[in-house]
Each structure stands twice: as structure tokens, then as C-alpha cells.
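# Breakdown of the fold
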Amino acid sequence: MSTAAGGGADVRDEDWYGDDLSGQEHTGVTFSRVDLSETTDDGAVFTDCVFRDCRFTLSRHTHAAFLNCTFTGCSFAQAVFTDCKLVGSTFDRCTFELATVEGGDWSFVVLRRADLSRTRFTGARMREADLTEVRAAGATLRDLDLSAALLSGADLSGTDLRGSDLSALDPREVELTGARVDGGQAVVLVTALGLQVGPDDDR
């Protein structure tokens, strides 16, 4: 398998299917039409890299880092990210069908208008993430730190949001029909609507 680590490198049309990327480090590399399907990755670090039309289908990433990377037209179908860092990365026209994220730090990521409707995100930090107009109907977005996240225009209908920080969510700007929340989150949402909750016999 070809390995590119230096800035300015360009990797095109490579077949890395099923390769083990563990421990690799890549900085400033552009990957175009690279097949990363079913790759495994324990601790690899990609910094300021660009991925164009790459396939990450069924790939498995553990303790990996994709820092300030840009993904355009990539497929993450059934990919699994466990305790990974994707801080500052941007996703544009990517697909995430049945992708799973468990833990890790996804703060400052840009997932604007992404279709996350068949994904499962649990226990991840997503502070100040751009989730504007994201489509996550029916998804699982549990126990996430969404503090200061941008959620305007998001479709969260039927989404399992239990345990997530919803302090940045304005229920007037988000579709929440059928979403699952816990008691504490319900109070946060009611308060955001300007309502006051008090005892029935308060006179």
C-alpha cells in the first residue's frame, strides 16, 4: 500500500481496501477517489488532509484523529468511529447510512445539511458543531455534548435525544415531532419556549 505522510502529497485512485492504517500519520495530503472500505485504524492521525470522493464503507476507526480535515462526496456507510477526534473537520455531500460514532471529540465539525437519519451517535463531544439544516429524523443522538451547537432548521423528528445537552437548541427553529427526550431536557425545551412551569394550585 502506498503511504503518504508529507504535506502537499496527492494520492489518487489508490485501492487500500481492507488495509490496516494503524499508527500512520498524514499531514496536508489530498486523497482523491481512494477506496478505504473495510480498513481498520487504531491511532492513525490525519491532519489538514482533504478527502475527495473516497469510500470509507464498513471501515473501523479507534482512537484515530482526523483534525481539520475536509471530506467531500465521501461515503461512510456502516463506518464505525470509536473514541476518535474529528475536531474542526468539514463534511460536504457525504453519506452516512448506518454509520456509528461512539465517544470521541467532534467539536467544531461542519455537518451542515448532512443526512444523519440512519446513524447512531452516542457519548461524543460535539461542542459548537455546525448542524444547521441537518436531517436526522429517526437517528440516535444520545448523551452528546451539543453545547453552543448550531441547529437551526434541523429535522430531529423521531430522533432519540436522551441525555444530550440541548441548551443551544431553539425548539421554534427545529422539527422535534416525535423526538425522545428525558425529563430534564423537557424542562430545557419548555423554558426555551418562554413557558413557566409551576404547581397546579399556584394562585
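Residues numbered from 1 in each chain as written. Predicted model: local features only at pLDDT ≥ 70, side-chain atom pairs only at ≥ 80, totals over all residues. Heavy atoms only, no water.

### Some thoughts on the sheet that holds strand E3 (residues 30–32)
- Here five strands make up an open sheet; going across it, the order is E1-E3-E6-E9-E11 and the pairing parallel. The open sheet is flanked by strand E1 (10–12) and strand E11 (90–92), the only strands paired with a single partner. The average angle at which neighbouring strand axes cross in this sheet is 10°, direction not considered.
- One ladder, built from three bridges, connects strand E6 (residues 50–52) with strand E9 (residues 70–72); its direction is parallel. (Pairing = 2+ DSSP bridges. Helix = DSSP H or I, 4+ residues; strand = E, 2+ residues; numbered from the N terminus. Axes fitted to C-alpha atoms, helices over the stretch in contact; angles between N-to-C directions.)

### Structural notes on empty space enclosed by the protein
- Applying the stated criterion across every chain, the model contains two cavities of 30 Å³ or more.
- In this structure, the largest cavity encloses a volume near 80 Å³.
- Lining the largest cavity are 14 residues, and of these Leu131, Leu141, Leu146, Leu151 and Leu156 lie nearest its centre.
- Taken together, the residues of the lining of the largest cavity break down into 14 nonpolar, no polar and no charged.
- There is about 30 Å³ of room inside the second largest cavity.
- For the second largest cavity, the full set of lining residues is Phe81, Phe96, Ala99, Val101, Trp106 and Phe121.
- Tallied by class, the residues present in the lining of the second largest cavity amount to six nonpolar, no polar and no charged. (1 Å grid on protein atoms, 1.4 Å probe; cavity = no way out; pocket = protein on both sides within 12 Å on 5 of 7 lines; lining within 4 Å. Points joined across faces, edges and corners; volume = space filled by probe spheres on them. Nonpolar A, V, L, I, M, F, W, Y, C, P; charged D, E, K, R; others polar.)

### Things to note about the pattern of salt bridges
- If you walk through the whole model with that rule in mind, you get twelve salt bridges.
- Between Arg112 and Asp130 there is a salt bridge, with the nearest N and O atoms lying 2.9 Å from each other. Taken together, the residues span a long stretch of sequence, with Arg112 in the loop between strand E12 (100–102) and strand E13 (120–122) and Asp130 in the loop between E13 and strand E14 (140–142) at a distance of 18 residues.
- When the shortest N-O distance is used, the salt bridge between Arg113 and Glu133 registers 3.1 Å. You can see Arg113 sitting in the loop between E12 and E13 and its partner Glu133 sitting in the loop between E13 and E14, a full 20 residues away along the chain. (Salt bridge = Lys/Arg side-chain N within 4 Å of Asp/Glu carboxyl O.)

### Things to note about the packing of aromatic side chains
- The final tally for this structure, using the stated rule, is 22 aromatic pairs.
- Here the aromatic rings of Phe31 and Phe46 are separated by 6.0 Å at their centres, their planes lie at 70°, and the arrangement is edge-to-face. Of this pair, Phe31 sits in strand E3 while Phe46 sits in strand E5 (residues 45–47), placing them 15 residues apart in sequence.
- A residue is classified by how much of its surface remains accessible, and Phe46, at 2% relative accessible area, is buried.
- Between Phe56 and Phe76, the aromatic rings sit 4.8 Å apart at their centres with planes inclined by 10°, giving stacked as the arrangement. In this pair, Phe56 is assigned in the loop between E6 and strand E7 (60–62) and Phe76 in the loop between E9 and strand E10 (80–82), connecting sequence segments 20 residues apart. (Phe/Tyr/Trp six-rings, centres within 6.5 Å; stacked < 30°, edge-to-face > 60°. Buried < 20%, exposed > 50% of the residue type's maximum accessible area, 1.4 Å probe, protein only.)

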